[in-house]
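Letter by letter, the chains look like this.
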Amino acid sequence: MHKQSLTIAGNIERIEERLIRACDRAGRKRVEVTLMGVSKFVPITNIKEAFNAGIRCFGESRVKEATEKFADYNDIFPGMKLHLIGALQRNKAKNALAFFDCIQSVDRLELIEELLKNSSMRKIPLEVLLELHTGEETKTGFADTDSLCRAVDLLAGSENLKIAGLMTMAPFTADAQLIRSSFRQVAGAQKELEKCFPKENFSCLSMGMSNDFEIAVEEGSTLIRIGSAIFNES
Ligand SMILES: *Cc1c(COP(=O)(O)O)cnc(C)c1O
């Protein structure tokens, strides 16, 4: 066995231990949180190692890289789910729609309109998460709950696009309070949307990355997006 495979499996094991402890602190169950492997820039052999170590959900930030790397992924990685987590340009919406299981980075009305226009090509509904802007450093995402409501209005009733929840990127900072308040904003928006749109599903909260996933789990995350802590050598 070569060194890299030991590193990836070992990294996942260490994240699992930390994840279980964070769930314990929050009075939550481990099964409530999906551990996504963020595989942008990661070669397929390393992704296979993560798959063999139990990861079943992967995130990519670019449509082109993902479609090239993961062609026929349902045959190669049975049971795998692939999400788009990076900013999506309108001219790539069609390709993304045809390929992914979920688009997490739905961040503006014109993108929703473009997705809806082409959505009849879906055999099974595409899950979408609405991205909420909560950190100063990032530019993407809906600005507030009002703009999220307009997005939900557009999507509600679509057969082919199904809202599944919200995602955010916390600010890149060592200030844990700032990070925590970013995640709380998302949990607060979820509560308001559930009140306004009782028929829709907002149960997925995609928040938390390598540097802040424990805080995210404490604040209700149901999907953590981990790249460097899994795939970089430690
Ligand atoms: C790259 C990326 C991640 C993973 O970041 P790490 O800090 O490497 O865990 C998570 N979410 C998004 C949207 C990303 O672009």
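Scroll up to find the structure this text is about.
Rules used in this analysis
Residues numbered from 1 in each chain as written. Predicted model: local features only at pLDDT ≥ 70, side-chain atom pairs only at ≥ 80, totals over all residues. Heavy atoms only, no water. Axes fitted to C-alpha atoms, helices over the stretch in contact; angles between N-to-C directions. Helix = DSSP H or I, 4+ residues; strand = E, 2+ residues; numbered from the N terminus. Parallel < 35°, antiparallel > 145°, perpendicular 65-115°, else oblique. Contact = heavy atoms within 4.5 Å. Buried < 20%, exposed > 50% of the residue type's maximum accessible area, 1.4 Å probe, protein only. Pairing = 2+ DSSP bridges. Right-handed = clockwise from strand over helix to strand, strands pointing away. Arc of directions from axis to C-beta. Expected span 1.5 Å × (residues − 1). Polar contact = N/O pair within 3.5 Å; in protein donor to acceptor, adjacent residues only side chain to side chain. Phe/Tyr/Trp six-rings, centres within 6.5 Å; stacked < 30°, edge-to-face > 60°. Lys NZ or Arg CZ within 6 Å of the ring centre and 35° of its normal. Salt bridge = Lys/Arg side-chain N within 4 Å of Asp/Glu carboxyl O.

Enquirer: If you had to explain the packing of helix H6 (residues 109-117) against helix H7 (residues 145-155) to someone new, which residues and values would you point to?
Expert: At a minimum axis distance of 10 Å, the contact between H6 and H7 shows a crossing angle of 10°. Judged by the angle between their axes, H6 and H7 are roughly parallel. Contacts between H6 and H7 involve Leu109, Ile112, Glu113 and Leu116 on the former and, on the latter, Arg150, Ala151, Leu154 and Leu155.

Enquirer: Describe the pairing of strand S1 (residues 34-38), naming the residues involved and giving the relevant values.
Expert: The element S1 is extensively covered by neighbouring structure, given that 4 of its 5 residues are classed as buried. Here S1 pairs with strand S8 (residues 223-226) via 4 bridges, running parallel. Looking across to S8, one finds that Gly37 is bridged to Ile226. Looking at chain direction, S1 and strand S2 (residues 57-60) are connected through 3 bridges and run parallel. Bridging across to S2, Val38 finds its partner in Gly59. Remark: the S1/helix H2 (residues 44-52)/S2 crossover connection has right-handed handedness.

Enquirer: How would you sum up H2? Please name residues and give values.
Expert: What H2 keeps buried is the set Asn46, Ile47, Ala50 and Phe51. All buried residues of H2 lie within an arc of 150° about the axis, which places them on one face of the element. Exposed residues pointing more than 90 degrees away from the buried face of H2 are listed as Thr45 and Asn52. Note on H2: the residue one or two positions beyond its end, Gly54, has a positive phi of about 115°.

Enquirer: Which residues make up helix H8 (residues 176-196), and what values go with them?
Expert: End to end, H8 covers 31 Å across 21 residues, agreeing with the expected 30 Å (1.5 Å per residue, within 8%). Every buried residue of H8 is accounted for by Ile179, Arg180, Ser182, Phe183, Val186, Ala187, Ala189, Gln190 and Leu193. The inward-facing, buried residues of H8 abut H7, strand S6 (161-167), strand S7 (204-206) and helix H9 (213-218). Regarding H8, its N-cap is Asp175, as a side-chain oxygen of that residue lies 3.0 Å from the backbone nitrogen of Gln177 further along.

Enquirer: Any details on the environment of Ala96? Residues and values, ideally.
Expert: The topology assignment puts Ala96 in helix H5 (residues 93-99). We classify Ala96 as buried; its relative accessible area is 0%.

Enquirer: Can you break down the packing of aromatic side chains residue by residue, with the values?
Expert: Inspection of every chain in the model, using the stated rule, returns 3 aromatic pairs. Members of the aromatic cluster, joined through ring pairs, are Phe51, Phe70 and Phe77. One Lys or Arg, Arg56, reaches over the ring of Phe51 and ends 3.7 Å from the middle of that ring.

Enquirer: Can you lay out the environment of Thr7 for me, pointing to particular residues and giving the numbers?
Expert: The topology assignment puts Thr7 in helix H1 (residues 3-26). With 225 residues separating them along the chain, Thr7 and Asn232 place their C-alpha atoms 8.3 Å apart.

Enquirer: Go over unusual backbone geometry with me, naming the residues and quoting the values.
Expert: We note that Phe41 has phi near 65°; this positive angle belongs to a residue other than glycine. Mapped onto the fold, Phe41 is located in the loop between S1 and H2.

Enquirer: With reference to specific residues and values, describe the pattern of salt bridges.
Expert: With the rule as written, the count across this model stands at 14 salt bridges. When the shortest N-O distance is used, the salt bridge between Arg18 and Glu214 registers 2.9 Å. Of the two residues, Arg18 sits in helix H1 while Glu214 sits in helix H9, which places them 196 residues apart along the sequence. Arg18 gets classed as partly exposed once you look at its relative accessible area, which sits at 29%. Here Glu214 falls in the partly exposed class, since its relative accessible area comes to 22%.

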